[in-house]
Amino acid sequence: NNLSKNKKPLYIYYGTSGRARHRLPPIEWLESLIKLLQDEYELLLVGGKTELSLQKILDKKLDVKFYFIGKFSLSEWSSIFTSSKHHIPLISFDGGFSHLYGIHLPHIFQIFCSSNANKWKSKSESNEVYECLKGGSPNYKPHLFKVPDKCSFANQGWKDSNPLEVKRKISSWLRGIGY
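Quick caveat: nothing in here was measured; it's all calculated off a predicted structure. (Residues numbered from 1 in each chain as written. Predicted model: local features only at pLDDT ≥ 70, side-chain atom pairs only at ≥ 80, totals over all residues. Heavy atoms only, no water.)

### Considerations on the nonpolar core
Selection criterion: The definition of a nonpolar core used throughout is a set of buried Ala, Val, Leu, Ile, Met, Phe, Trp, Tyr and Cys residues joined through side-chain atoms within 4.5 Å. For every residue, the accessible area (1.4 Å probe, protein chains only) is compared with the maximum for its type, and the residue is labelled buried under 20%, exposed over 50%, or partly exposed between those bounds. Here a strand is any run of E in DSSP of at least two residues, a helix any run of H or I of at least four, and the numbering for each starts at the N terminus. Contacts are residue-level and defined by heavy atoms, with any inter-residue pair within 4.5 Å sufficient.
One finds Leu58, Phe93 and Ile111 to be the most contacted residues of the largest nonpolar core, which totals 34 residues. Of all the secondary-structure elements, those providing two or more residues to this core are β1 (8-13), α1 (27-37), β2 (41-47), β3 (64-69), β5 (108-112), α6 (152-160) and α7 (163-176). The dominant element in this core, judged by the number of residues it contributes, is α1, at six residues. Discounting residues that sit within four places of it in the chain, Phe93 has contacts with Tyr13, Tyr14, Arg23, Leu24, Pro25, Trp29, Leu30, Leu33, Ile111 and Trp158. Membership of the second largest hydrophobic core comes to 14 residues, among which are Val46, Ile88, Leu90 and Leu100.

This is the structure we're talking about:
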């Protein structure tokens, strides 16, 4: 009932939990993307309790909603995704929540930096991927239990990735899925 009547909603999952935080964009990069999306879409941040830290970190002038963060367990999210009349697309920076979403719903745009997108992306026909580093970082090998705390390849990948280019790709994808 709290959704805007004027803007279409989008879930955004940043993914602050877990050890692979080096794969996440700097907060300034995230804020730039949010600024580009917020006039056209109602942005609903999702995730667990660790994502609550975003309320303190993100610029207070940004138009994002936090009322879904830390409110539901994974099993409750599973139920929400399968029974909700709202099939809201997800913009995700990799991470566990995107995998749960991808099991239930097809409309996911995943932004990969250190992970290999071909290996870890959703297998849905309605998904789209943006890769900051083609093939992922050579330092990131989760199958070998090698997940760095910091990665110069990932840092450079974010520096080389333009939020405006990502926003254009997101908008094109959303038009392509009829949203």
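### Digging into the packing of aromatic side chains
Under the convention used in this document: Between rings of Phe, Tyr and Trp, where Trp is taken as its six-membered ring, a pair exists when centres lie within 6.5 Å; planes separated by under 30 degrees are stacked, by over 60 edge-to-face, and by other angles tilted. Geometrically, a charge over a ring is one whose NZ (Lys) or CZ (Arg) sits within 6 Å of the ring centre while staying within 35 degrees of the ring normal.
What the rule picks out here adds up to 17 aromatic pairs. When the ring of Tyr11 is compared with that of Phe68, the centres are 6.1 Å apart and the planes differ by 75°; the resulting orientation is edge-to-face. Of this pair, Tyr11 sits in strand β1 while Phe68 sits in strand β3, and the two are 57 residues apart along the sequence. You can call Tyr11 buried: its relative accessible area is 6%. Consider the rings of Tyr14 and Phe93, whose centres lie 5.9 Å apart with planes at 75°: the pair is edge-to-face. With Tyr14 in the loop between β1 and α1 and Phe93 in the loop between β4 (90-92) and α4 (96-104), this residue pair connects regions lying 79 residues apart in the sequence. Among the aromatic residues, those joined into a ring-pair cluster are Tyr11, Tyr13, Tyr67, Phe68, Phe72, Trp77, Phe81, Phe97 and Tyr101. Over the ring of Tyr179 we find Lys8; its NZ or CZ atom is 5.0 Å from the centre of that ring.

### A closer look at the pattern of salt bridges
Basically, it comes down to this: Salt bridges, as used here, are contacts in which a Lys or Arg side-chain nitrogen is within 4 Å of a carboxyl oxygen on Asp or Glu.
In the structure shown here, the tally under the stated rule is four salt bridges. Between Lys7 and Asp63 there is a salt bridge whose closest N-O contact spans 3.1 Å. Pair noted here: Lys7 is in the segment before β1 and Asp63 is in the loop between α2 (54-57) and β3, with a separation of 56 residues, a long-range link. Owing to a relative accessible area of 30%, Asp63 belongs among the partly exposed residues under this scheme. Linked through salt bridges whose partners overlap, the residues forming this network are Lys7, Asp63 and Lys65.

### Some words on α4
Here is the rule we go by: The directions from the helix axis to the C-beta atoms are what the arc is built from.
Among the residues of α4, those classed as buried are Phe97, Ser98, Leu100 and Tyr101. The arc that holds the buried residues of α4, viewed along the axis, is 160°, so those residues lie on one side. If you follow the buried residues of α4, they end up packed against β1, β2, α3 (74-83), β4 and β5.

### Quick notes on the packing of α1 against α7
Let me state the cut-off plainly: For every element, the axis is a line fit to its C-alpha atoms; helices are fit only across the contacting stretch, and the angle between N-to-C directions ranges from 0 to 180 degrees. Angles below 35 degrees are treated as roughly parallel, those above 145 as roughly antiparallel, those between 65 and 115 as roughly perpendicular, and all remaining angles as oblique. By definition, any crossing whose near helix is turned counterclockwise from its far helix by less than a right angle is left-handed, and any crossing with a clockwise turn is right-handed.
It is the contact of α1 with α7, at a shortest axis distance of 9 Å, that shows an interaxial angle of 45°. Considering the angle they form, α1 stands oblique to α7. Of the two possible hands of crossing, α1 and α7 adopt the one that is right-handed. Counting all contacts with α1, which are made through Trp29, Ser32, Leu33, Leu36 and Leu37, the residues of α7 involved are Pro163, Leu164, Val166, Lys167 and Ile170.

### Considering the sheet that holds β4
We apply this condition: Paired strands are those between which DSSP finds at least two bridges.
Taken together, the six strands give an open sheet; going across it, the order is β3-β2-β1-β4-β5-β6, and neighbouring strands pair in parallel fashion. Each edge of the open sheet is held by one strand with a lone partner, namely β3 and β6 (128-131). On average, adjacent strands in this sheet sit at an angle of 25° to one another, irrespective of strand direction. Pairing of β5 with β6 involves four bridges; the strand directions are parallel. Paired with Phe112 across the bridge in β6 is Glu131.

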